[in-house]
Every structure is written in C-alpha cells, then in structure tokens.
Amino acid sequence: MARSVTTQRKTLNTAIAWGIGLVLFFPILWTILTSFKTEAQAIADPPVWFFFDWTLENYRVVQERSNYSRFLWNSIIIAGGSTILGMIIAIPAAWSMAFVPSNRTKDILLWMLSTKMLPAVGVLYPIYLIFIQLGLLDTRIGLTIVLMLINLPIMVWMLYTYFKEIPGEILEAARMDGAGLREEILYVLTPMAIPGIASTVLLNIILAWNEAFWTLNLTAARAAPLTAFIASYSSPEGLFYAKLSAASTMAIAPILILGWFSQKQLVRGLTFGAVK
Amino acid sequence: MSTKASRFSARLMLAPAVILLLGWMLVPLTLTLIFSFQRFLPLRGGFQGWVGFENYARFVSSSAFWPAIQATVIIVGGVLLITVILGILLAILLDQPMWGQGIVRILVIAPFFVMPTVSGLVWKNMFMDPNNGLLSHLWRYFGADPVIWLSDASMLSIILIVSWQWLPFATLILLTAIQSLDSEQLEAAEMDGAPVLSRFWHIILPHLSRAVTIVILIQTIFLLAIFAEIFVTTQGSFGTRTLTYLIFQRVLESQNVGLGSAGGIYAVILANIFALLLMRIVGKNLDR
C-alpha cells in the first residue's frame, strides 16, 4: 500500500524540492549561460538572464588560445587509461576473492581499503622524487599509473560486492557439466558480471577525471589534463568570465552526463558497499 | 568445492593487485618516514644529516601549525555540519511523493560531478568577486556594501564552496538509506497519530544513524585532504591554510622536505584514526 497523500501536500513538496534543486544547480546553470555571453554581458549589473546575444565566440577563443583539445585529450587518456589498466588488475582480484574466498579475504579487502585512506600529501615528495628519477614527471603514463593506484581499492571493492551477488550454485552447476576455469569465466561469469563491471568503469572514469591533487602536482605543460587547465584561470588577465565559463562548461559537461547515469553506483562505490 | 588448482590460480589472480597496492603504500610511506628524520633541502644543499625527531618538534612548534589545525578543524567540522543536517532534510524531502522527482534528483546531485578546480574558480569569480560577482550584484541591489568574500569571510567562503560540492554525496547516501526504511512501520506510526517530529526522532533518525556515521567518516577522510579548492581560491592565505596545504607548501613551495615529511606523517596518523573507525563499520558489513 502506497502512502496516500493529498494533492495539496504533493504540490507543496514539489515546489520546495524544485526550489532547492534549482538553487543547488544554479551555479552550474549560470556557468553554462555565461559561456554563451560576451564578456561585457557576463559581468553586467543587473545580470542578463536569457535574453542576450547568444554567441559561440568564447568556445572558439578558448580552443584557439590555449589549445583546449590537448588538455581534453590528456584527460581522456588519463581517465580512460587508468580505468582500463585498473580493471585488468581489479577484475581477477575481485573474482578470486568473491568465488574462492579464504579466511584471509576479509583482511585483504579491509587492508586494500586502508591504502585508499592514505593522505596524498603524506607521500607527495616521495612520489614526486620517484617520478623525477624515472622520468615520469609531466607524462600521461605516470599520471595514469598513479590514478589507477589510488582508485584500485574502489574498483576491487565495487567488483567484489557485485560478484558476491552472483549465486555460487550456477558456478557449481557449470563445473558439474565439466566446464574448466576458462569456460567458467568466459561463458558463465562474464555475462552476469557485465552490469557490475560497467558501473565500476563509469564511476572510476568520473573519479579519475575530477582528481585534482596529483594532476595539479605532477603535471606541467605536456600532460596536464582539464583540472590543471582550468586551474590556469586562477590568475586571470582582463575580462575573462565568459571564457572561464566556456572552458568550465566543456570540462564538466561529459562527466555531468556520465554522473547522472551512475548515481546508484556512486553510493555503492564510495561507501564500499556499506550503504545499499 | 574448489580444487587445489583453482585455489592456486585464484591466489595468482589476486597477486598483482596486492603487490601493486603494497608497493604503492610501503615505498612512498617508507621514504616519507626516512625523510622526516633528515635535514633535507633539495634546493639548498640537499641532504644535510640526520636530525632525529627535530622535524617533528619543529613542525608542531612552528607558528603556522596550530592555525593550520584550527583551519582544518573548522573547515571539516563546518562542512560536515552543513552537509549532514541539510543532507538529512533534503533526503527526507526527496523521499516524499512529488512531480518530477527524477529531475530534482539530477539537479541536486549535479554539483558532485563538477571538478574541484572548476567549482573553486566559478565560485571565486562569478559569485564571490567583490566587483563583478553575482553575490555582489545582489548585495548592491539591496543597498548593502558587497562582501569581499575570500578575504573578509574566507573560512565561510571555503566552507560554502566545499559544502556545495559535498551536499549531493551526503544527500544521495542518506536518501538510499531512507528508501530502505520499512514504510509500513512509518504508516503504523502515522496511523497511531504520532506527530511528524516524533516520527522523525524515533523512527527515521535511528534508522539513519549508520548512514550518517558513514557519511561523516568518508567525508572526513576526503575533507582532510581538500586541496584544489584552496589552491585556486585563497592559496592558503586569510587563515585558510589547512594541514594539507601547509604540508604542500613546506614540501613543494619552500622545498623543506624533512619538515614537510614530518608533517606528512602527522597527516597520515590523523587520517588513520578516522580510517580505522570507518573500516570497523565496513568490516562488520562484510560478515553479514
């Protein structure tokens, strides 16, 4: 039985919730709107809302002046690369812990979680030094590895909680039918695991895309992703609100869309399965 | 039952993840620990001998230490207070029947997906700028003098920016927890004539206590480490230099690696206290 409510109460709920939702979303909306204004309109007082001369000029300028596409490309390579690399390592690990558990599995899982809690600033200089020694400073491969490592615990945990839900009887049935380890993984587990794997991939792309400690401290000109590109706007010259908005809109748009698809996974991934 | 062979291959599949994470944890941490006992200034003579616990003592007795601890506690505490309280209210609201629930949810969650450098700069320039920011327009509209947010109300500004980013996370987790609440129990209470406040206090809040604990622990671990939001706004000035930012400045800006590493070890210990608490809760969940 659903809780019955009056239309009046429902209308009130709707009004309050939409009001709060719009307030929280407003900074993003305002950024998107401003990105289509001229610089003069961007700082106009009173502000112009929707009725201005919409222009794509800012997007053109941002791309031309700062070679936006190079940063975008770096972000894609680093976020995508660290996720793929991480999955190659995390899938077998999670599979093994979920289906062939030992009495140490729980300890290993918790220990993995503990590495995620290590504050980055505590190991900043050693990583910086190792990167210089190995020639990894300001390279995409170096950043890809670091982001893979910081997100690996989340990947293993998420996959583990998904794999755990695959009923073991199915595996036993497959084994009875004479399926080997390879057939078991390929034909039985993989199809059932794909939704979990897809969610994990999604969440990790988002986390890697937005990571802003290592990306700011380990890159300079060549490997800098969008987080660092945007940070370069912190010392502005002249009027730049519309351009800042255009650059910001381009940097957050893809992840905003991915993020909306992965709300549920966010809870699962970031709470390590403790809230479902 | 798994055979010996499959057991062995399972261990083999686990090995790369364990070895990589072990290396990622042990190598840098050991180096930080070693540096913390050295006088080590890479740009001014490099390694200059072992100094025992001098860096630890100096880090704590420096005039920047207590203000940094204070800034960290105020920012973490302020953001936790705002996000947990508003998060609970917002989660309860979003759980009510309404039109366009899905869209409202999307609007509320959006800030979490904005990268920290973008949210820092958008707030700093387009909202909090004393000349051209939207808030200054608003203040002038009501005839007030615009607030110079990031210098006169620097802590409040940082707390606002960070809370805006983390409120969606708290709301989403608390909403997930509320939705698992048995609605029959609530209905029964409603029929018994229990007033709204008492329903909230005796049924909803106890049910949420675990989710609230998790929100607090996870956010604390992330909030202790916030960096980009300060990096692109105040750069640690006007009293916003947190422990993380102080260590960053010691290590990379003034290149005093020994001193910074000692600070890093303090940060690791601090984070571990919260991590241990979190892991106990998550660990219980594993037993089921």
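Residues numbered from 1 in each chain as written. Chains lettered and ligands numbered in written order. Predicted model: local features only at pLDDT ≥ 70, side-chain atom pairs only at ≥ 80, totals over all residues.

### Concerning the overall build of chain B
Phase 1: Summing up its helical and strand segments, chain B has 13 helices and two strands in all.
Phase 2: For 288 residues, the compact-globule formula gives about 19 Å, and the C-alpha radius of gyration of chain B, at 24 Å, lies well above that figure.
Phase 3: Taking the principal axes of the C-alpha coordinates as reference, chain B spans close to 75 × 75 × 30 Å.
Phase 4: Residue burial in chain B is summarised as follows: out of 288 residues, 43% are buried.
Phase 5: Of all intrachain contacts in chain B linking residues separated by at least 6 positions in sequence, the fraction that spans at least 24 positions is 70%. (Helix = DSSP H or I, 4+ residues; strand = E, 2+ residues; numbered from the N terminus. Rg over C-alpha atoms; globule rule 2.2 N^0.38 Å. Buried ≥ 20, exposed ≤ 12 C-beta atoms within 10 Å, placed from the backbone. Contact = placed C-beta atoms within 7 Å.)

### With respect to the overall build of chain A
Phase 1: Looking only at helices and strands, chain A has 13 helices and zero strands in total.
Phase 2: For 276 residues, the compact-globule estimate of 2.2 N^0.38 gives 19 Å, and the C-alpha radius of gyration of chain A, at 23 Å, exceeds that figure by more than 25%.
Phase 3: Taken along its principal axes, the extent of the C-alpha atoms in chain A is 75 × 70 × 35 Å.
Phase 4: Looking at chain A as a whole, 47% of its 276 residues qualify as buried.
Phase 5: Across chain A, contacts joining residues at least 24 apart in sequence account for 79% of those joining residues at least 6 apart.

### As for the packing of helix α5 (residues 105-116) of chain A against helix α7 (residues 140-164) of chain A
Residue and element names in this part refer to chain A.
Phase 1: Taken N-terminus to C-terminus, the directions of α5 and α7 make an angle of 145 degrees; their axes are 9 Å apart at the nearest point. You can see that α5 and α7 cross each other, and the crossing is left-handed. Two secondary-structure elements touch here, α5 through Leu 109, Met 112, Leu 113, Thr 115 and Lys 116 and α7 through Pro 153, Ile 154, Val 156, Trp 157 and Tyr 160.
Phase 2: Residues belonging to the contact of α5 with α7 are distributed by class as follows: eight nonpolar, one polar and one charged. (Axes fitted to C-alpha atoms, helices over the stretch in contact; angles between N-to-C directions. Left-handed = near helix turned anticlockwise from the far one by under 90°. Nonpolar A, V, L, I, M, F, W, Y, C, P; charged D, E, K, R; others polar.)

### Observations regarding the environment of Ile206(A)
Phase 1: Counting through the fold element by element, Ile206(A) comes out in helix α9 (residues 181-210).
Phase 2: Under the C-beta neighbour-count criterion, Ile206(A) is labelled buried, with 25 such atoms within 10 Å.
Phase 3: Beyond its immediate sequence surroundings of up to four residues, Ile206(A) is in contact with Ile255(A), Leu258(A), Gly259(A), Ser262(A) and Phe113(B).

### With respect to the interface of chain B and chain A
Phase 1: Counting from both sides, the interface comprises 87 residues of chain B and, opposite them, 86 residues of chain A.
Phase 2: By residue number, the principal contributor to the side of chain B that touches chain A is helix α1 (residues 4-36) of chain B, which donates 18 residues.
Phase 3: The residue makeup of the side of chain B that touches chain A, split by class, is 66 nonpolar, 19 polar and two charged.

### Some thoughts on unusual backbone geometry
Phase 1: For Asp138(A), which is not a glycine, the phi torsion comes out positive at approximately 60 degrees.
Phase 2: In this structure Asp138(A) comes out as partly exposed when scored by C-beta crowding, with 15 C-beta atoms within 10 Å.

### Observations regarding the pairing of strand β2 (residues 46-50) of chain B
All names here are of chain B.
Phase 1: The buried fraction of β2 is low, at zero of five residues.
Phase 2: Where strand β1 (residues 38-41) lies against β2, three bridges are found, and the strand directions are antiparallel. Paired with Phe 40 across the strands is Phe 47, a residue of β2.
Phase 3: Hairpin geometry of β1 and β2 is characterised by an intervening segment of four residues between the two adjacent antiparallel strands and by a positive phi of about 100 degrees at Gly 45. (Pairing = 2+ DSSP bridges.)

### Considering the domain arrangement of chain A
All names here are of chain A.
Phase 1: Domains assigned within chain A are domain 1 (7-59) and domain 2 (68-270).
Phase 2: With centres defined by C-alpha atoms, the gap from domain 1 to domain 2 works out at 32 Å.
Phase 3: Counting residues at the interface gives 11 residues for domain 1 and eight residues for domain 2.
Phase 4: Elements that contribute at least two residues to the side of domain 1 that touches domain 2 include exactly α1 (7-34), α2 (39-42) and α3 (57-66).
Phase 5: For the side of domain 1 that touches domain 2, the element with the highest residue contribution is α1, accounting for three residues. (Domains from an automatic or database assignment.)

### Some details on the packing of α5(A) against α1(B)
Phase 1: Interaxial distance between α5(A) and α1(B) falls to 10 Å at its minimum, and their mutual angle equals 40 degrees. Here α1(B) runs oblique to α5(A), going by the angle between their axes. Where α5(A) crosses over α1(B), the two elements pack in a sense that is left-handed. Together, Ile108(A), Met112(A) and Thr115(A) of α5(A) and Val18(B), Leu21(B), Trp24(B) and Met25(B) of α1(B) make up the contact between the two elements.
Phase 2: Of the residues contributing to the contact of α5(A) with α1(B), the split by class is six nonpolar, one polar and no charged. (Parallel < 35°, antiparallel > 145°, perpendicular 65-115°, else oblique.)

### A word on the environment of Leu181(A)
Phase 1: With respect to the helices and strands, the residue Leu181(A) is situated in helix α9.
Phase 2: The residues touching Leu181(A), leaving out its near neighbours within four places in the chain, are Ser6(B) and Ser9(B).

### Observations regarding the nonpolar core
Phase 1: One finds Ala90(A), Ala94(A), Val156(A), Leu159(A), Ile230(A), Ile173(B) and Leu174(B) to be the most contacted residues of the largest nonpolar core, which totals 169 residues.
Phase 2: In terms of residues, this core owes the most to one element, α7(A), which gives 17 residues.
Phase 3: Inspection of this core shows a minimum of three residues originating in each of domain 1 (7-59) and domain 2 (68-270) of chain A.
Phase 4: Excluding residues that lie within four positions of it along the chain, Leu159(A) makes contacts with Ala90(A), Ile91(A), Ala94(A), Gly196(A), Ile197(A) and Thr200(A). (Core = buried A, V, L, I, M, F, W, Y, C linked by C-beta atoms within 7 Å.)

### Regarding helix α4 (residues 68-99) of chain A
Because an α-helix packs 3.6 residues into every turn, residues spaced three or four apart end up facing the same way.
Phase 1: With 32 residues, α4(A) should cover 46 Å at 1.5 Å per step; its first-to-last C-alpha distance of 45 Å lies within 8% of that length.
Phase 2: Taken as a whole, α4(A) carries its principal kink of about 30 degrees at Met87(A). (Expected span 1.5 Å × (residues − 1). Bend = angle between axes of the 7 residues up to and from the residue.)

### Describing the confidence of the model for chain B
Residue and element names in this part refer to chain B.
Phase 1: For chain B, per-residue confidence averages 88 on the pLDDT scale, and residues scoring 70 or more make up 98% of the total.
Phase 2: Across chain B, the secondary-structure element scoring lowest on mean pLDDT is helix α9 (residues 183-191), at 76, and the one scoring highest is helix α3 (residues 65-95), at 94.
Phase 3: Model confidence for the complex is summarised by a pTM of 0.88, with the ipTM given as 0.87. (pLDDT = per-residue confidence, 0-100.)

### Quick word on the environment of Gly23(B)
Phase 1: Structurally, Gly23(B) is set in helix α1.
Phase 2: Between the C-alpha atoms of Gly23(B) and Tyr56(B), which are 33 residues apart in sequence, the distance is 25 Å.

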